Amino acid sequence: MEDPAQLKEEGNKYFQADDYENAINSYTKAMKLTKDKSLQAVLYRNRAACFLKKESYAQAASDASRAIDLNASDIKALYRRSQALERLGKLDQAFKDVQRCATIEPRNKNFQETLRRLGTNIQEKLRIQFSTDARVQNMFEILLDGNSEKETREKAANNLIVLGREEAGAERIFQNNGVKLLLQLIETKNAEMILAAVRTLSGMCTGHKARATAILHLLGMDKICMWMAVDNEEISMAVCNLLQVITESLSGEGEKEQHGKEAALVLDTKKDLKMITMHLLDMLISKKVSGQGRDQALNLLSKNIPRKDLRNPDNSRTIFVIDSGLKKILKVVGQVPELPNCLPLTENTRMIASILLNKLYDDLRCDPERDNFREICEEHIKSKVDPQDMDKTLQAVQTVSGIMQGPFDLGNQLLGMTGVMEMMVALCGSEREVDQLVAVEALIHASTKLSRATFIITNGVTLLKEVYKKTKNEKIKIRALVGLCKLGSAGGTDYGLRQFAEGSTEKLAKQCRKWLCNTSIDIRTRKWAVEGLAYLTLDADVKDDFVEDKPALQAMFELAKTSDKTILYSVASTLVNCTNSYDVKELVPELVQLAQFSKQHVPEEHPKDKKDFVLKRVKKLLKAGVISALACMVKADSAILTDQTKELLARVFLALCEDSKDRGTIVAQGGGKALIPLALEGTDVGKVKASHALAKIAAISNPDIAFPGERVYEVVRPLVSLLNTERDGLQNYEALLSLTNLSGRSDKLRLKIIQEKALPDIENYMFENHDQLRQAATECMCNLVVNKEVQERFVADGNDRLKLIVLLCGEDDVKVQNAAAGALAMLTAAHKKLCHKMTQVTTQWLEILQRLCLHEKLEVQHRGLVVAYNLLNADHELAKKLVGSEMLEILTVVGKQADDSKKQHVINVARECLVKCMDYGLIKPLSQA
């Protein structure tokens, strides 16, 4: 059996060695083995010291209290408890403990100093608390007073929002009956007051589970949904944001780990999250909810229901929504705006619902789950088909059309249901405009893939041509034309697989551009003209004509900036086609010959898809103002801005950044800022493309202008992500150039680069055989060594970092030499230890240094002489070594040169080196020789 006293001593040794975990284990074991109260008190006191070191202040205070219970005059335990309580923010209790310590040992200066500091802190805390309370009260009085001036109320509202975002302010508002007062503000029906109240509540709920739960129950989900349902976009979005913040706080997302805070009460939030989901699903089919409110409910479901990481096996939230609310979502998808009993919708509602369906379907893990999803959809569609009721049948076709805009494979299966295609054909021949509109749109969505479009091509082309010729209605004409465009582009970029006769696609495109520029046509219909161009611009002749038509380009950009976000994907697709930023498979000549021999089809490139044509198109797009349109599209706070759309936008940006001369224009029009969210969120391919575009901009631009304020720190992570062996050499090179540019700006940026764990990657590239990569990595390291943390890594034993820098100084590549010499000069100036280390890492150090000091490039020579001066300055013995070599002769030759303005800085350093040698008495002035 182990001895408690021995375990205590063992714990003390661990504590002195800074091994607090093992020290805690030893003290805990000893506690269980002894009943001696005095020993127990010492063990609790010692364990409290360990917890203090580990910043586990609640446990430290608890252990110190137990020690005091066993020995009330234990001064060490009292002082440790006071330290822990101070860290926990309980200043008044900490003050009492130190007061007792000072009473027991009145001459202890440490106790007296702590007493004074705590006294001052308590006074300050009380002052802030009382002033905060007074400010909160004053703000509410101004806001609830109908007679106060508008400007005063606006100022009070803004101050309240700011206060709600601060932890202390949020707590004071909450404690001072603030939630009820905020409710009163919402009930004033004044839009500005409602926004101020909702935004304050959002701040109060951010990252605080307990407060978010309390506020959710105080407000009530019914009221929150009622506010979100109003027909006011700003209020609806603000309430949506409040609900998002509450959901994140309840599910534990976005919480910051804070040392020194006691663990909050463990709350089971599953019931609350389920309640929120149920209310949102109910909002979807309520006629009292505005179109804006319905959009926000769909956006919230899209953000919070599907798994964010598919490696997490728990998709129970998705299963719950499918079982409880899939039919409600399908009802929204099947709405026909032209019918009298339609729910209030915006132009985006059905598209957001289709995207939600797609996300839910993608989140399913197995075939039985997908079969259940399909069966619910089939049952819903069958329930709508009624030969006696044309409106219901119309909704069935609209539902299939909406599903094909979401999970296409599922939509394709539903298309094969008995009677669905027949319904679409019958509706095309109907006299009613609405029937034709829905049927033609459904045909368009049905012909998405070449292999699947063959049935539509054989049957649908005739149908669409007939509709196009017969109808006099522009709305239907445009849609029929888009269907023809889509079928005409089924061969993709393959010049040899054109579906229509020569010149037909150009005619279709000309008509689309004409409609696009016609402002007398409604936006929803003009949007279809862009949809047509998204398919037709796969043809190089069409894209070349389109970029020449500046009014058509600008009309498309203006549409992209409107509130109708369903156009985003079409605009992005058109721009990808115009800039040729889609993936092109490289043709292997041997395989081409083999295919030709076996009479297989070989894809052909259009002459106008060659690089010089693409560059001309890029210039035309930039001139027409494409960047402002892209920046506006990126800001769309809607589920319609899918990861796939973000990827398309990232591809366009990368194509636009290709020519370095255009990057200044891109930055000036806000392209740099717009790229950051694309590089942080989206598909893996999209993030890489956006990061590469950022690297191109950051490599040659002034970061303060390209990424103003705090944004520049967000750029670092995407750039570091390109330092990866899976990325190509150009991406690595441009990422290193951009990091070099950033690391030369400020120490805060250098620190951010280190925090993103970029150093090991940069060091790896310094070993590269590729000259340009090695040069870029060395230049980056030259800027980073200014940082103290990087210097410490060079000083640390057991690594070859300094050796690598010294050897790189001996490289033949002048740029590598220059960067390495700069790094060496800064390192040897910062640490004398590195001066000694330099002479030990390689036997070639002196030869390399002499080569630097005789270099024909003045910049390299200057850096070499600075290294020599640092070695001389570091130590008498090192100076002796240098003077005993040919180095003295080199310094003398350089130092004795006549003054020359071009190389004066080099001559001056050599002279300083000689003066240093004289100071050591290693050489004598000429007059004494």
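What you see is a predicted model, and the numbers here were worked out from it, not measured in a lab.

1. Considering the overall build of the protein chain
Part 1: Within the protein chain one finds 52 helices and zero strands.
Part 2: The principal-axis extents of the C-alpha atoms in the protein chain amount to approximately 110 × 75 × 70 Å.
Part 3: Taking all 929 residues of the protein chain together, the buried fraction comes to 53%.
Part 4: Element-wise, carbon and sulfur atoms account for 50% of the exposed surface of the protein chain, whose accessible area totals about 44,500 Å².
Part 5: Averaged over its 130 positive side-chain charges, the protein chain has a centre that lies 2 Å from the centre of its 125 negative ones.

2. Looking at the nonpolar core
Part 1: Core analysis: the biggest nonpolar cluster contains 265 residues, and Phe373, Leu516, Leu630, Ile762 and Met781 have the highest contact counts within it.
Part 2: When near neighbours in sequence (up to four residues on either side) are disregarded, Met781 contacts Leu759, Ile762, Glu763, Met766, Val790, Phe794 and Ile805.
Part 3: Leu39, Ala67, Leu78 and Leu85 belong to the second largest nonpolar core, which has 34 residues in total.

3. So, the side chain of Asn348
Part 1: Its place among the elements puts Asn348 in the loop between α17 (316-333) and α18 (349-362).
Part 2: A distance of 2.9 Å separates the side chain of Asn348 from the backbone oxygen of Ser563, its partner in a polar contact.
Part 3: The residues touching Asn348, leaving out its near neighbours within four places in the chain, are Asp295, Ser563, Asp564, Lys565, Thr566 and Ile640.

4. Regarding unusual backbone geometry
Part 1: Positioned with a positive phi, Asp18 is a non-glycine residue whose angle comes to about 65°.
Part 2: For Asp18, the location among the structural elements is in the loop between α1 (4-16) and α2 (20-33).
Part 3: Residue Glu55 is not a glycine yet carries a positive backbone phi of 65°.
Part 4: Residue placement: Glu55 occurs in the loop between α3 (37-53) and α4 (57-70).

5. Here we look at the confidence of the model for the protein chain
Part 1: Confidence in the prediction for the protein chain averages 85 pLDDT; 91% of positions are at 70 or higher.
Part 2: Within the model, the stretch residues 449-453 combines pLDDT values under 50 with eight contacts to residues more than four positions away or in other chains.
Part 3: Under a pLDDT of 50 for its full length, residues 491-501 has, in the predicted model, 28 contacts with residues more than four places off or in other chains.

6. Notes on the packing of helix α30 (residues 568-579) against helix α33 (residues 626-634)
Part 1: Orientation of α30 relative to α33, taken along the N-to-C sense of each, is 140°, at an axis distance of 11 Å. Relative to α33, α30 is oriented oblique. Seen along the crossing, α30 lies across α33 with a hand that is left-handed. On the side of α30, the interface is formed by Leu568, Val571, Ala572 and Leu575, while α33 contributes Val626, Leu630 and Met633.
Part 2: When its residues are assigned to classes, the contact of α30 with α33 shows seven nonpolar, no polar and no charged.

7. Some thoughts on the state of the cysteines
Part 1: Tallied over the full model, the rule gives zero disulfides.
Part 2: Take Cys578: it sits in no disulfide, and the sulfur closest to it among the cysteines is that of Cys512, at 13 Å.
Part 3: The class for Cys578 is buried, based on a relative accessible area of 0%.
Part 4: Summary of cysteine pairing: Cys917 is not part of a disulfide, and the nearest cysteine sulfur, belonging to Cys913, is at 7.0 Å.
Part 5: The class of Cys917 is buried, set by a relative accessible area of 0%.

8. Details of the pattern of salt bridges
Part 1: Scanning all chains against the criterion turns up 44 salt bridges.
Part 2: Across the salt bridge formed by Arg801 and Glu763, the nearest N and O atoms sit 2.5 Å from each other. Of this pair, Arg801 sits in helix α45 (residues 801-808) while Glu763 sits in helix α42 (residues 759-765), placing them 38 residues apart in sequence.
Part 3: Overall, the relative accessible area of 23% leaves Arg801 in the partly exposed class.
Part 4: In this structure, Arg774 engages Glu811 in a salt bridge whose closest nitrogen and oxygen atoms are separated by 3.0 Å. Here Glu811 lies in the loop between α45 and α46 (814-830) and Arg774 lies in helix α43 (residues 771-784), a separation of 37 residues in the sequence.
Part 5: Judged by relative accessible area, which is 10%, Arg774 ranks as buried.
Part 6: Each member of the salt-bridge network shares a partner with another, and the members are Glu338, Glu441, Arg479 and Arg524.

9. Some thoughts on the side chain of Asp97
Part 1: Residue position: Asp97 is located in helix α6 (residues 91-104).
Part 2: Judged by relative accessible area, Asp97 falls into the buried class, the value being 4%.
Part 3: Discounting chain neighbours no more than four positions away, the residues touching Asp97 are Leu78, Arg81, Ser82 and Leu85.

10. Some remarks on helix α9 (residues 167-175)
Part 1: Within α9, burial applies to Gly169, Ala170, Arg172 and Ile173. Taken around the axis of α9, the buried residues stretch over an arc of 165°, which confines them to a single face.
Part 2: One or two steps after α9, the chain reaches Asn177, where phi turns positive at roughly 65°.

Basis of the calculations
- Just so you know, the residues in each chain are numbered from 1, in the order the chain's sequence is written.
- Whole-chain, interface and lining totals are the exception, using all residues; otherwise, since this is a predicted model, local features are given only for residues with pLDDT of at least 70 and side-chain atom pairs are given and counted only at 80 or more.
- As a rule here, side-chain values come from all non-hydrogen atoms in the structure, and water together with hydrogens is ignored.
- Strands are runs of DSSP state E lasting at least 2 residues, helices are runs of H or I lasting at least 4, and numbering of each runs from the N terminus.
- Per-residue accessibility, obtained with a 1.4 Å probe over protein chains only, is compared with the maximum for each type, and a residue is labelled buried under 20%, exposed over 50%, and partly exposed between these values.
- Areas reported here follow the Shrake-Rupley algorithm with a probe of radius 1.4 Å; residue values treat only the protein chains shown as occluding.
- For the purpose of counting charges, residues Lys and Arg are taken to be positive, whereas Asp and Glu are taken to be negative. His and the chain ends are not included.
- In this description, the location of a charge corresponds to atom NZ of lysine, CZ of arginine, CG of aspartate or CD of glutamate.
- Throughout this description, the term nonpolar core refers to a set of buried Ala, Val, Leu, Ile, Met, Phe, Trp, Tyr and Cys residues connected via side-chain atoms within 4.5 Å.
- The contact criterion used throughout is that any non-hydrogen atoms of two residues lie within 4.5 Å.
- Counting of polar contacts relies on pairs of N or O atoms within 3.5 Å, with two restrictions inside protein: one atom must be capable of donating a hydrogen and the other of accepting it, and residues adjacent in sequence are counted only when both atoms are side-chain atoms.
- Think of pLDDT as the predictor's per-residue confidence, scored from 0 to 100.
- Axes here refer to lines fitted to C-alpha atoms; in helices the fit is confined to the stretch in contact. Angles between the N-to-C directions go from 0 to 180 degrees.
- In what follows, roughly perpendicular refers to angles from 65 to 115 degrees, roughly parallel to angles under 35, roughly antiparallel to angles over 145, and oblique to any angle outside these ranges.
- The crossing is said to be left-handed when, going from far helix to near helix, the turn is anticlockwise and less than a right angle, and right-handed when the turn is clockwise.
- Three residue categories are used. Nonpolar comprises Ala, Val, Leu, Ile, Met, Phe, Trp, Tyr, Cys and Pro, charged comprises Asp, Glu, Lys and Arg, and polar comprises the others, including Gly.
- Criterion for a disulfide: a pair of cysteine sulfur atoms at a distance within 2.5 Å.
- Just to be clear on terms, a salt bridge is a Lys or Arg side-chain nitrogen sitting within 4 Å of an Asp or Glu carboxyl oxygen.
- By definition, the arc is the one covered by directions from the helix axis to the C-beta atoms.

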